[in-house]
Amino acid sequence: VMERECFENPEIAALMNREFVNVKVDREERPDLDAVYMTAVQAMTGHGGWPMSVFLTPDGRPFYAGTYFPPEDRGPMPGFPRVLQAVAEAYRTRKAEVLAATERVVEAIRAGSATRPSPEPLTHDLLDAAYAALAERFDWRDGGLAGAPKFPQPQTYDFLLRYWHGTGTEQALRLVDLTLERMARGGIYDQVGGGFHRYATDARWLVPHFEKMLYDNALLASLYLHGWLVTGRPRFRRVVEETLSYVLREMTGPDGGFYSATDADSEGEEGRFFVWTPAEIDAAVGPETGRVVRAYYGVTEEGNFEGRNILHVPRDEGDVAAELGLPVEELLAMVEEARPRLLAARDRRVRPGLDDKVLTAWNGLMLRALAECGAALERPEWLEAARRNADFLLRELVRDGRLLRTWKDGRASAIKGYLEDHAFLAEGLITLYEATFERRWLDEAARLADTMIDLFWSGSEEIFYDTGRDQERLLVRPRDIFDNATPCGSSAAAMALLRLARLTGEERYVPYAEQSLRSVRDFLAQIPSGFAYWLAALDFYLSPPKELVLVGPPEDPAMTAMRRVAYGRYAPNRVTAGAPGPVTERPLPLLAGRGLEGGRPTAYVCENYACLLPVTSADALREQLDAAKA
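A few points on the structure. From a predicted model like this one, the values you see are computed outputs, not experimental measurements. (Residues numbered from 1 in each chain as written. Predicted model: local features only at pLDDT ≥ 70, side-chain atom pairs only at ≥ 80, totals over all residues. Heavy atoms only, no water.)

### Some words on the state of the cysteines
Heads up, the condition is: Working definition: a disulfide is two cysteine sulfur atoms within 2.5 Å of each other.
Taken as a whole and assessed by the stated rule, the structure comprises one disulfide. In this model, Cys 606 is linked to Cys 611 through a disulfide, with the two sulfur atoms separated by 2.0 Å. Of note, the bridge from Cys 606 to Cys 611 carries an S-S torsion of about 85° and is right-handed in sense.

### Observations regarding the side chain of Thr 102
What counts here: Helical segments are the DSSP runs of H or I of at least four residues, strand segments are the runs of E of at least two, and each set is numbered from the N terminus. Burial classes follow relative accessibility: with a 1.4 Å probe on protein chains only, a residue under 20% of its type's maximum area counts as buried, one over 50% as exposed, and anything between as partly exposed. Polar contact is the term for a pair of N or O atoms within 3.5 Å; when the atoms are in protein, one must be able to donate a hydrogen and the other to accept it, and sequence-neighboring residues count only if both atoms are side-chain atoms. Residues are treated as being in contact if the distance between any of their heavy atoms lies within 4.5 Å.
Topologically, Thr 102 is positioned in helix α5 (residues 95-112). On the accessibility criterion, Thr 102 (0% relative accessible area) is buried. Within the local environment of Thr 102, its side chain forms a polar contact with the side chain of Arg 61, the two groups lying 3.4 Å apart. Sequence-distant contacts of Thr 102, that is, excluding residues within four places in its chain, are made with Thr 57, Arg 61, Pro 62 and Phe 63.

### Let's talk about the sheet that holds strand β13 (residues 406-408)
This is how it is decided: Two strands pair under a simple rule: DSSP has to find at least two bridges between them.
The strand order across the open sheet built from three strands is β10-β13-β14, with neighbouring strands paired in antiparallel fashion. At either end of the open sheet lies a strand with only one pairing partner, and these are β10 (358-359) and β14 (411-412). Looking at chain direction, β13 and β14 are connected through two bridges and run antiparallel. Bridging from a neighbouring strand, Lys 408 pairs with Arg 411 of β14.

### Focus: the layout of surface pockets
Quick note on the threshold: Both site types are read off a 1 Å grid over the protein atoms alone. A 1.4 Å probe that fits but cannot get out defines a cavity, while an open set with protein on both sides within 12 Å along at least five of seven lines defines a pocket; lining residues have an atom within 4 Å of a point. Grid points are joined across faces, edges and corners, and a volume is the space filled by probe spheres set on the points. Charged means Asp, Glu, Lys or Arg here, nonpolar means Ala, Val, Leu, Ile, Met, Phe, Trp, Tyr, Cys or Pro, and polar covers whatever is left, Gly included.
The space that makes up the second largest pocket amounts to roughly 760 Å³. Lining the second largest pocket are 34 residues, with His 165, Lys 546, Asn 573, Ala 628 and Lys 629 positioned closest to its centre. Every element with two or more residues in the lining of the second largest pocket is listed here: α6 (124-136), α7 (154-167), α9 (214-231), α22 (532-542), β17 (546-551), β19 (602-607), β20 (610-611) and α24 (618-629). No other element matches α7, which puts seven residues into the lining of the second largest pocket. Among the residues making up the lining of the second largest pocket, the classes are represented as 18 nonpolar, six polar and ten charged.

### As for the sheet that holds β20
Quick reminder of the rule: Between N-to-C directions, angles span 0 to 180 degrees; the directions come from axes that are lines fitted to C-alpha atoms, helices contributing only their stretch in contact.
The strand order across the open sheet formed by four strands is β18-β17-β19-β20, and the pairing between neighbours is mixed. Of all strands in the sheet, those bounded by a partner on one side alone are β18 (574-579) and β20. Pairing of β17 with β19, which is carried by six bridges, proceeds in the antiparallel orientation. Bridging from a neighbouring strand, Glu 547 pairs with Cys 606 of β19. With respect to the sheet, helix α23 (residues 557-567) is in contact with β17, β18 and β19, its orientation differing from that of β17 by roughly 165°.

### Let's talk about the environment of Leu 394
Along the chain, Leu 394 falls in helix α16 (residues 380-396). In sequence terms Leu 394 and Thr 360 are 34 residues apart; their C-alpha atoms lie 9.8 Å from each other. Not counting residues within four places of it along the chain, the set of residues in contact with Leu 394 comprises Leu 429, Trp 441, Glu 444 and Arg 447.

### A closer look at the pattern of salt bridges
Under the convention used in this document: Each reported salt bridge corresponds to a side-chain nitrogen of Lys or Arg within 4 Å of a carboxyl oxygen of Asp or Glu.
Counted by the stated rule, this structure contains 69 salt bridges. Glu 181 is paired through a salt bridge with Arg 233; the nearest N and O atoms lie 4.0 Å apart. With Glu 181 in helix α8 (residues 170-185) and Arg 233 in the loop between α9 and α10 (234-250), this pair connects stretches of sequence that are 52 residues apart. Asp 190 is the partner of Lys 212 in a salt bridge, and the nearest nitrogen-oxygen pair spans 2.8 Å. Here the residue Lys 212 occupies a position in strand β5 (residues 212-213), and Asp 190 occupies one in the loop between α8 and β3 (199-200), the gap between them amounting to 22 residues.

### A short note on helix α15 (residues 360-376)
Note the threshold: A helix is expected to span 1.5 Å multiplied by its residue count minus one.
Between its first and last C-alpha atoms α15 spans 24 Å; for 17 residues at 1.5 Å apiece the expected length is 24 Å, and the two agree. With 15 of 17 residues buried, α15 is to be regarded as a mostly interior element. Two residues or fewer after α15 comes Glu 378, characterised by a positive phi angle close to 55°.

### Notes on the packing of helix α17 (residues 419-436) against helix α18 (residues 439-456)
Two quantities define a packed helix pair, namely the angle between the helix axes and the distance between the axes. Filter applied, for reference: Note on angle classes: values under 35 degrees are labelled roughly parallel, values over 145 roughly antiparallel, values of 65 to 115 roughly perpendicular, and the remainder oblique. Should the near helix be turned anticlockwise from the far one by less than a right angle, the crossing is left-handed, and should it be turned clockwise, the crossing is right-handed.
Two elements in contact, α17 and α18, have axes separated by 8 Å at closest approach and are oriented at 160°. On the basis of their axis angle, the class for α17 and α18 is roughly antiparallel. Viewed along their axes, α17 and α18 form a crossing whose handedness is left-handed. Touching Leu 419, His 422, Ala 423, Leu 425, Ala 426, Leu 429, Ile 430, Leu 432, Tyr 433 and Thr 436 of α17 are Arg 439, Trp 441, Leu 442, Glu 444, Ala 445, Leu 448, Thr 451, Met 452, Leu 455 and Phe 456, all from α18. A class-by-class count of the residues in the contact of α17 with α18 yields 15 nonpolar, three polar and two charged.

### Comments concerning empty space enclosed by the protein
All chains considered together, the criterion is met by two cavities of 30 Å³ or more. In this structure, the largest cavity occupies an estimated 730 Å³ of space. Breaking the lining of the largest cavity down by element, the ones donating at least two residues are α7, α9, α15, α17, α19 (489-504), α22, α23 and β18. Per-element tally for the lining of the largest cavity: the top contributor is α15, with seven residues. Considering only residue class, the lining of the largest cavity consists of 25 nonpolar, six polar and nine charged. Here the second largest cavity is characterised by a volume of approximately 80 Å³.

### Things to note about the pairing of β18
Most of β18 is tucked away, with six of its six residues classed as buried. Side chains Arg 574, Thr 576 and Gly 578 of β18 all project onto a buried face; the interleaved residues Val 575, Ala 577 and Ala 579 project onto the opposite face, where all are buried too. In this structure, β17 lies alongside β18, joined through six bridges in parallel fashion. Residue pairing across strands places Val 551 opposite Ala 579, the latter belonging to β18.

### Some words on the nonpolar core
We apply this condition: Only buried Ala, Val, Leu, Ile, Met, Phe, Trp, Tyr and Cys residues count toward a nonpolar core, and they belong to the same one when joined by side-chain atoms within 4.5 Å.
The biggest cluster of nonpolar side chains holds 151 residues, and the ones touching the most others in it are Tyr 224, Met 366, Leu 429, Phe 464, Leu 550 and Leu 621. Every residue in contact with Leu 429, bar those within four places of it in the chain, is listed here: Leu 367, Ala 390, Leu 394, Trp 441, Glu 444, Ala 445 and Leu 448. The next biggest cluster of nonpolar side chains, apart from the first, holds 24 residues, and it includes Ala 295, Ala 321, Leu 326 and Met 334.

### Here we look at unusual backbone geometry
Across the junction of Trp 50 and Pro 51, the peptide omega takes the value 5°, indicating a cis bond. Cis peptide bonds are those with omega within 30 degrees of zero, and the linkage from Ala 148 to Pro 149 qualifies with 0°. Here Pro 149 lies in the loop between α6 and α7. For Glu 267, which is not a glycine, the phi torsion comes out positive at approximately 50°. Unlike most non-glycine residues, Asp 409 shows phi in positive territory, near 55°.

### As for helix α3 (residues 31-45)
End to end, α3 covers 20 Å across 15 residues, agreeing with the expected 21 Å (1.5 Å per residue, within 8%). All of the buried residues in α3 are Asp 32, Leu 33, Asp 34, Val 36, Tyr 37, Met 38, Ala 40 and Val 41. Positioned one or two residues after α3, Gly 46 has a phi angle of 85°, which is positive.

Listed below in structure tokens is the structure:
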């Protein structure tokens, strides 16, 4: 909006160019700059947000800031031209005062990034307190945390699932179940094309901000998989399948990289591509089927969004079927048969803009989702897409051994990768190894982990920073500790190192994760929704080490059956290793000495590397896993 109203306005642009050197930053390409100057905006104004307008001295120190400015004065809000003139005049006539102000702001930024590691122990009490705090804020009518707007917050609900798994607290599972059900039925979910919009502007998940982000769909695909593994709800599985189908259909480049986002607007209107009139539905599927589709998706003549309809599922299928005089099975079959025709009709519209840059970090999240979901739902095409993506990232986004941040139009940029790029990609590669047992992915994850420690770890402070020691020096070295729309780099690094240590037996990785957890210990129970992936890492750290080893040719039906048992259950703190047969060269500790029993595929259920008797059937493996869980 500000670009359209101000930056593209010739008079305002001329004023900007006359008085300032203007630098426009893509916060997705440069999260380090975003982090530093967002802290400055919050220090100066008491709040933050985007667009972020910051006025700097030539050496990069901020002295005035704000977020959105209109093109002319609006009530108490000054217009951008007035702001520009006032700031330029202040810099010319009161420079000493301006420079003094910058010192105060820089000190505030430094104070905001200071760390205070806790000497207190890391215990289960922190998980209990975090769960209690989240439960108090829960919306028992519509799911999610109370209030509006509502963001999906997949890490929060993944933590609640973990908490249920570890403690048996049924209320924690009910919180997740209700939230996933309401989101899947709401307008935040694209009922026709699959995939999730950015957030809901209301408390009922009905009216979304229609932008779609790669990271949301990666994290939510994994969350819905976990929800399906626990509850068996067909709707949750369908959301996984439709979301990943959407990503592979519309967000995947020919080289195997995943694009970043699609816009909310098309034809100059928010959500125009996604909303429907009753007549448009009847034209797409015919009046008879249209009557059923309109009833199922809550479509009315007056609409629920600016005279049109955001498709959602407001009523129980049984109630809709009874109203229409149809069996439930026939209702659902008609809706399912109509969806491809609705999608084809929608695809003839003007599409929202596509942000086709490839971000390493977000690709790492989608790599993990495809690998995990492909193994659990036995979808070899998803595993192949994950392999292609991993190959692409390691080929195109590594230069002279250094991971890079972005790729677009056939080439990588010169922007060096940040902590989150290394951590998310390492987690994705670890998951791809667990899904395929192809050792090269684990080796690449270990190489990334070693590079991550070398570049981002501060030995004196015992923390990870978001920028590497080989990257541009800013006012302060940024370190974001909050899990927001995605996990922060530090929490993802802690989780990656803990998983890697358990899989490889390299205990040297654990202290980095442990000290990272100590650096945020005092926040975990106080602000659990802002530290949800930290809480997941803490849960992994505190859990008894569980391992599963599968040895046998992947094409053997007995191996397939055991894999189905292994991947078809929710086991958040277990690692899984395997091989087609006995491993003699560079075996992982988990695989050393573990081969085929009687020449048949064999499973080993272990805890802290001590294993039960090997088994050679899916039923026997199921019994051992059930007993271990109990």
